[in-house]
Amino acid sequence: MDTLTDRINKALEEIRPFLLSDGGDVKLIEIKGNKVFVSFTGACSDCSINQSTLKLGIESTIKKHVPEIEEVISISE
């Protein structure tokens, strides 16, 4: 059975091609309870719409794969 981290990484792999096509990426930083912390890299790190990408793309995809996750938060490394 896949671990919570495996399931979240699988969700990120689903969204990753879209980020890579724009010259960016996302990295899983940490899971705390029902919250996931990620960091944008490359072109995504300073993109003006990365919060839309976070909520509409990354968070919704993670919640589809891992329904117990309530929120995805972007942090700077």
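**Observations concerning the sheet that holds strand β1 (residues 24-32)**
Argument step 1. Here we have three strands laid out as an open sheet, ordered β1-β2-β3, and mixed in their pairing. Each of the sheet's edge strands pairs with one partner strand only, and the pair in question is β1 and β3 (71-74). Strand after strand, the sheet turns through a mean of 30° between neighbouring axes, direction not considered.
Argument step 2. Where helix α1 (residues 4-21) meets the sheet, it contacts β1 and β2 (35-42), and its direction lies at approximately 160° from that of β1.
Argument step 3. In the packing of helix α2 (residues 50-65) onto the sheet, the strands contacted are β1, β2 and β3, and the crossing angle to β3 comes to about 145°.

**Some points on the nonpolar core**
Argument step 1. Residues Ile 8, Leu 12, Val 36, Ile 58, Ile 62, Ile 69 and Val 72 are the most contacted members of the largest nonpolar core, which totals 16 residues.
Argument step 2. Of all the elements in the fold, those that place two or more residues in this core are α1, β2 and α2.
Argument step 3. Considering each element in turn, this core owes the most residues, five residues, to α1.

Reading the values: rules and limits
- Residues numbered from 1 in each chain as written.
- Predicted model: local features only at pLDDT ≥ 70, side-chain atom pairs only at ≥ 80, totals over all residues.
- Heavy atoms only, no water.
- Pairing = 2+ DSSP bridges.
- Helix = DSSP H or I, 4+ residues; strand = E, 2+ residues; numbered from the N terminus.
- Axes fitted to C-alpha atoms, helices over the stretch in contact; angles between N-to-C directions.
- Contact = heavy atoms within 4.5 Å.
- Core = buried A, V, L, I, M, F, W, Y, C linked by side-chain atoms within 4.5 Å.
- Buried < 20%, exposed > 50% of the residue type's maximum accessible area, 1.4 Å probe, protein only.

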